[in-house]
Amino acid sequence: MDATTTNAVFAAAATSTTWLRTNLGTIAEVSVDGHTWTVLLPGMGTDEAGHKVPSKARITGRLGYGGTEFTDIEATWGQAIGIVDAAMSAIRI
C-alpha cells in the first residue's frame, strides 16, 4: 500500500463518527478508493519488562471486490492521536 492511501485511510478514521466495539477491540470501517478499510483503535501494549505502554492505531485490512486483504500498518503518533480523539468523541456517553 502506498503512503498516499495509508494517509487517506488514517485521515478518514480521524473523522469517523461510527466506531464498533468488537471482541478484537474498537474499530472504524472507512471507505477510501473504493475499498472498506478497517482501522483498529490503539490499546495499551506491554514492553519487554511487562510494563504497560501505549500503542498506535493500525490498519488491519481492507474489503473490496474479490475478498478481504489483511494488513498490519501502524499509524504515526500524530495520526494515532487524531484517531483516538475521533473515537472518544463518537463513543462518549
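Computed from a prediction, not measured in an experiment: that's the story for all the values here.

**Student:** Would you mind going over the overall build of the protein in detail, with residue names and values included?
**Tutor:** On a plain count of helices and strands, the protein comes out with 2 helices and 7 strands. The order of helices and strands in the protein, counted from the N terminus, is α-β-β-β-β-β-β-β-α. Taking 2.2 N^0.38 as the reference for a compact globule, 93 residues should give roughly 12 Å; the C-alpha atoms of the protein span a radius of gyration of 13 Å, in line with that estimate. Each of the three principal axes of the protein carries a C-alpha extent, and together these read 40 × 35 × 25 Å. Within the span of the protein, comprising 93 residues, buried residues form 32% of the whole. Taking contacts inside the protein between residues at least 6 apart in sequence as the whole, the part at least 24 apart equals 38%. Accessible area for the protein stands at about 5,900 Å²; split by element, carbon and sulfur atoms hold 55% of it.

**Student:** Explain helix 2 (residues 77-91) to me, and be specific about the residues and the numbers.
**Tutor:** The terminal C-alpha atoms of helix 2, which comprises 15 residues, lie 21 Å apart, in line with the 21 Å expected from a rise of 1.5 Å per residue. Where helix 2 is concerned, the buried positions are Gln79, Ala80, Ile83, Ala86 and Ala87. For helix 2, the buried positions fall inside an angular range of 130° around the axis, keeping them on one side. Along helix 2, the residues that are exposed and aim more than 90 degrees away from the buried face are Gly78 and Ile81. Looking at the buried side of helix 2, the elements it contacts are helix 1 (3-13) and strand 3 (35-40).

**Student:** Describe the pairing of strand 2 (residues 25-32), with residues and values.
**Tutor:** Direction of pairing for strand 1 (residues 20-22) relative to strand 2: antiparallel, over a ladder of 3 bridges. If you follow leucine 20 over to strand 2, its bridge partner there is isoleucine 27. Here strand 1 folds back onto strand 2, and the loop between the two strands holds 2 residues. Bridge count for strand 2 against strand 3 is 6 bridges, and the pairing is antiparallel. Paired with alanine 28 across the bridge in strand 3 is valine 39. Once strand 2 ends, the chain turns through 2 residues before running back antiparallel as strand 3, passing aspartate 33 with a positive phi of about 55°.

Calculation notes
Residues numbered from 1 in each chain as written. Predicted model: local features only at pLDDT ≥ 70, side-chain atom pairs only at ≥ 80, totals over all residues. Heavy atoms only, no water. Helix = DSSP H or I, 4+ residues; strand = E, 2+ residues; numbered from the N terminus. Rg over C-alpha atoms; globule rule 2.2 N^0.38 Å. Buried < 20%, exposed > 50% of the residue type's maximum accessible area, 1.4 Å probe, protein only. Contact = heavy atoms within 4.5 Å. Areas by Shrake-Rupley, 256 points an atom, 1.4 Å probe, with all protein chains shown as cover. Expected span 1.5 Å × (residues − 1). Arc of directions from axis to C-beta. Pairing = 2+ DSSP bridges.

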